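# Secondary and tertiary structure notes
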Amino acid sequence: MTEKWWHDSVIYQIYPKSFNDSNNDGIGDLRGIIEKLDYLNRLGIDLIWLSPVFSSPMKDNGYDIDDYYAIAEQFGSMEDMEELIAEADKRGIGIMMDLVINHSSDQHRWFKESRKSKDNPKRDYYIWKEPKADGSPPTNWRSIFGGSAWTYDQQTEQYYLHTFAEEQPDLNWENKELRQELYQLVNWWLDKGLAGFRVDAISYIKKSGFKDQEVNGPDGLSSIFEASANQPGILNLLDELKAETFSNYQIVTVAELYTEDNKRMQEFAGDAGPFDLVFDFRHVDLDLSEGSEWFKARDWDLIELKERLNEIQKTYAGKRRATLFWENHDQPRSLNKYLNETEINERSIKMLAAVFMLQRGIPFIYQGQEIGMSNVKFENIDDYQDLATHGLYQEALKAGYDKEEVMEVVWRRSRDNSRTPMQWSDAENAGFSEAEPWLKLNPNYQQINVEENLKDDNSVFYFYKELIKLRKNSPYQEIIVDGKYQPLLKSDPNLIAYLREKEGERLLLAANFKNKEVEINLDYQVEEIILSNYPEFDYRALKAKRLDYQLSPFETILLKVK
Ligand code: TEU
Ligand code: CA
């Protein structure tokens, strides 16, 4: 296997708007990130994935770009961005940007041109279609944020397509000139010394058919997913993207790819595919129902979670690598998803950390995860800023849910759960800003914050630091980074356990997912105890011919075994 420079990397995701505000306007910014580089260095990460900072009207917090060659004013300037790249580099940290090229903002000059007339040279940069005979949208596709995926434009009496919000028109990848413009901007940014890209919503760039699909909701629409995700021919487009851009640089790329098809995933990731890595969402979306039931919480149990995790490991075994993550800016906080509210504590949080960080792949830590930040419950829907949350709220009301039920859905799944400002201290506004933040804080910042974490040797922060160190600088790094993954105790309803193995050396991770004592019995001889979330415990009893042991609630151990 050709080793890549990033194979042992740990990546930290920053959502700039919520990370740190340097000029006290209530909005996080690039200089705010520069101020916190030493903190990130202390944690030990290698790469930062920066959610979009390009010029944008901010309908979707930067996932709606109106100029790919400029930085959003509220985040700073191009000089700030260059300084961030340079300052990060001084600390051995690389910067990955977020490449949003499935769509642009409707305020992009291309779209402004495109909508002017049917024969405008930029018309074909976007996807325009005639109305149906009765004037209704060309197809019954539902956008991902709710409502029709088509918006009518008076000027030319046609509809344009948007997979996401109407302010995010989809770019027409069938247009060669458009593709060349995209490659040009990608290379322009790579020449600034980026370490790579996270590539947004890339499964949607190829559309096919433009036909009505089977209705799957009370709104009479059909999810756009079926019609425009991972369509035949998408690989040709992506291979061209790679050949014209990524392949000429020593970078790492990770694609956001929604599919349940293992083969598709494998085609996308790895040396032969268009991307180095892909995000696979099977394990984080296991609480979501599909089709018309999508508001309902889906029941799941630990056995199913393990199946999904193991399936992911299998999909990216061998030459590929999995992405390891519990959280990102679209997901609620992991503690609230995987643990019962009364069971969230330092031990259970560390358990979750160890379980994902010690698998085979590239770990992604989302800002605040390293200190145990959790979901919020704003009483008033107006306190939510995310457009997808409001879309979901409206859809659910239309589907006949009452307000209380809808708020339950919002509390469980709103993307704002993970977007509340970073909790730096117990000072006013959590030390995030001296001004009122753009999104309300989680009131628990008084207890849960970076300052508290740094004071306490047993904090979640230091546990993450330890996990990173095991991967980066320890006698076990090669096994953890590269060793084979073998699931154990697949049908145990309480425990997660797996083996990691390289050249005859073996590590065993055992985690009690439950708030009760659980027995573990395995035929391995323990040689060493490498890590535990019960640091005060006396483990001499473990050093026996067999692993027969009573795990305390949420107890998690990493062992060297024979
Ligand atoms: O997300 C794509 C995507 O499909 C998600 O919107 C997901 O379905 C949803 O967030 C679940 O609630 C990417 C970005 O990660 C997201 O933040 C953007 O809003 C979206 O693309 C549009 O650019
Ligand atoms: Ca600011």
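Everything numeric here is computed off the predicted structure, so don't read it as measured data.

### Structural notes on the overall build of the protein chain
For the protein chain, the helix and strand inventory stands at 16 helices and 22 strands. For the protein chain, the C-alpha radius of gyration of 24 Å lies close to 24 Å, the compact-globule estimate for 562 residues. Counting the 562 residues in the protein chain, one finds 61% classified as buried. Taken as a whole, the protein chain presents about 22,000 Å² of accessible surface, with 44% of it coming from carbon and sulfur. Averaged over its 68 positive side-chain charges, the protein chain has a centre that lies 5 Å from the centre of its 99 negative ones.

### Brief notes about unusual backbone geometry
With a phi angle near 55°, Asn 24 is a residue other than glycine that sits in the positive phi range. Mapped onto the secondary structure, Asn 24 falls in the loop between β1 (11-14) and α1 (30-35). With a relative accessible area of 32%, Asn 24 lands in the partly exposed category. At Asn 230, a residue that is not glycine, the phi angle is positive and equals roughly 55°.

### Some details on the packing of aromatic side chains
As enumerated under the stated definition, the model contains 38 aromatic pairs in all. Taken together, a centroid distance of 4.8 Å and an interplanar angle of 80° make the contact between Phe 111 and Tyr 126 edge-to-face. With Phe 111 in helix α4 (residues 109-114) and Tyr 126 in the loop between α4 and β6 (128-129), this residue pair connects regions lying 15 residues apart in the sequence. Of the two residues, Phe 111 and Tyr 126, both sit in the buried class. Aromatic side chains Phe 461 and Tyr 462 sit 5.2 Å apart centroid to centroid with 90° between the ring planes, which places their arrangement in the edge-to-face category.

### Points about the coordination of the calcium ion (ligand 2)
Ligation of the calcium ion (ligand 2) by protein atoms is provided by Asp 21 (OD), Asn 23 (OD1), Asp 25 (OD), Ile 27 (O) and Asp 29 (OD), these donors lying 2.2 to 2.4 Å from the ion. Positions of the donor residues of the calcium ion (ligand 2) along the chain correspond to the pattern D-x1-N-x1-D-x1-I-x1-D.

### As for the sheet that holds strand β13 (residues 277-279)
The strand order across the open sheet built from eight strands is β13-β12-β10-β5-β2-β1-β15-β14, with neighbouring strands paired in parallel fashion. Pairing within the sheet leaves two strands with one partner each, and these edge strands are β13 and β14 (323-324). Examined bridge by bridge, strand β5 (residues 94-99) and strand β10 (residues 196-199) share four bridges and lie parallel to one another. Residue Met 97 lies in a different strand from β10, and its bridge partner there is Phe 197. Lying on the sheet, helix α3 (residues 78-90) is in contact with β2 (47-50) and β5; it crosses β5 at an angle near 140°. Running over the sheet, helix α11 (residues 346-357) touches β14 and β15 (362-366) and is turned about 150° from β15.

### As for the packing of helix α12 (residues 387-398) against helix α13 (residues 403-413)
α13 packs onto α12 with a crossing angle of 145° between their chain directions and a minimal axis gap of 10 Å. As α12 packs across α13, the resulting crossing turns out to be right-handed. Residues Thr 389, Leu 392, Tyr 393, Ala 396 and Leu 397 of α12 lie in contact with α13, whose contacting residues are Lys 403, Val 406, Met 407, Val 409 and Val 410. When the residues that make up the contact of α12 with α13 are grouped by side-chain class, the tally is eight nonpolar, one polar and one charged.

### Re the site of ligand 1
Ligand 1 sits among 15 residues. The nearest are Asp 60, His 103, Asp 200, His 329 and Asp 330. Within the side chain of His 329, a nitrogen or oxygen atom sits 2.9 Å from an oxygen atom of ligand 1. Between ligand 1 and Arg 415 there is a distance of 3.0 Å, counted from an oxygen atom to a side-chain nitrogen or oxygen. Here ligand 1, which alone exposes 490 Å², has 88% of that area covered by the protein. Classifying every residue of the shell around ligand 1 gives five nonpolar, three polar and seven charged.

### Examining the pattern of salt bridges
Throughout the structure, instances matching the rule amount to 48 salt bridges. Put simply, Glu 113 and Lys 116 hold a salt bridge, and the shortest N to O gap is 2.9 Å. One salt bridge connects Asp 153 with Arg 115, and the closest N-O pair in it is separated by 2.9 Å. Separated by 38 residues along the polypeptide, Asp 153 in strand β8 (residues 150-153) and Arg 115 in the loop between α4 and β6 bring together distant segments of the chain. Residue Asp 153 is classed as buried on the basis of its relative accessible area, which comes to 9%.

### Examining the packing of helix α5 (residues 176-190) against helix α7 (residues 234-244)
In contact at an axis separation of 10 Å, α5 and α7 are set at 40° when each is read in the N-to-C sense. By the angle class used here, α5 and α7 are oblique. Seen along the crossing, α5 lies across α7 with a hand that is right-handed. Each of Arg 179, Gln 180, Tyr 183 and Asn 187 in α5 lies in contact with α7, whose residues at this interface are Leu 237, Glu 240, Leu 241 and Glu 244. Of the residues contributing to the contact of α5 with α7, the split by class is three nonpolar, two polar and three charged.

### Things to note about the sheet that holds strand β16 (residues 484-488)
Paired through backbone hydrogen bonds, the strands of a sheet run either parallel or antiparallel to each other. Ordered in space as β16-β17-β18-β22-β20, the five strands form an open sheet in which the pairing is antiparallel. Each edge of the open sheet is held by one strand with a lone partner, namely β16 and β20 (526-532). When the angles between neighbouring strand axes are averaged without regard to direction, this sheet yields 25°. Pairing of β20 with strand β22 (residues 556-561) involves five bridges; the strand directions are antiparallel.

### Let's talk about a negative patch on the surface
A cluster of acidic residues, Asp 402, Glu 404, Glu 405 and Glu 408, forms a negative patch on the protein surface. Its location among the elements puts Asp 402 in the loop between α12 and α13.

### Regarding the domain arrangement of the protein chain
On domain assignment, one finds that the protein chain holds domain 1 (11-103 + 176-383 + 418-464), domain 2 (109-161), domain 3 (384-417) and domain 4 (484-561). For domain 2 versus domain 4, the distance between C-alpha centres works out to 57 Å.

### Looking at helix α15 (residues 460-472)
The end-to-end C-alpha distance of α15, which contains 13 residues, comes to 18 Å, matching closely the 18 Å that a straight helix rising 1.5 Å per residue would cover. Those residues of α15 that fall on the buried side of the exposure criterion are Val 460, Phe 461, Tyr 462, Phe 463, Tyr 464, Leu 467, Ile 468, Leu 470 and Arg 471.

Calculation rules
- Residues numbered from 1 in each chain as written.
- Chains lettered and ligands numbered in written order.
- Predicted model: local features only at pLDDT ≥ 70, side-chain atom pairs only at ≥ 80, totals over all residues.
- Heavy atoms only, no water.
- Helix = DSSP H or I, 4+ residues; strand = E, 2+ residues; numbered from the N terminus.
- Rg over C-alpha atoms; globule rule 2.2 N^0.38 Å.
- Buried < 20%, exposed > 50% of the residue type's maximum accessible area, 1.4 Å probe, protein only.
- Areas by Shrake-Rupley, 256 points an atom, 1.4 Å probe, with all protein chains shown as cover.
- Lys, Arg positive; Asp, Glu negative; His and termini not counted.
- Charge placed at Lys NZ, Arg CZ, Asp CG, Glu CD.
- Phe/Tyr/Trp six-rings, centres within 6.5 Å; stacked < 30°, edge-to-face > 60°.
- Donors = N, O, S within 2.8 Å, 3.2 Å for Na, K, Ca; no water.
- Pairing = 2+ DSSP bridges.
- Contact = heavy atoms within 4.5 Å.
- Axes fitted to C-alpha atoms, helices over the stretch in contact; angles between N-to-C directions.
- Left-handed = near helix turned anticlockwise from the far one by under 90°.
- Nonpolar A, V, L, I, M, F, W, Y, C, P; charged D, E, K, R; others polar.
- Near = heavy atom within 4 Å.
- Polar contact = N/O pair within 3.5 Å; in protein donor to acceptor, adjacent residues only side chain to side chain.
- Salt bridge = Lys/Arg side-chain N within 4 Å of Asp/Glu carboxyl O.
- Parallel < 35°, antiparallel > 145°, perpendicular 65-115°, else oblique.
- Patch = residues over 30% accessible without salt bridge, like charges linked within 9 Å, V, L, I, M, F, W, Y side chains within 5 Å.
- Domains from an automatic or database assignment.
- Expected span 1.5 Å × (residues − 1).

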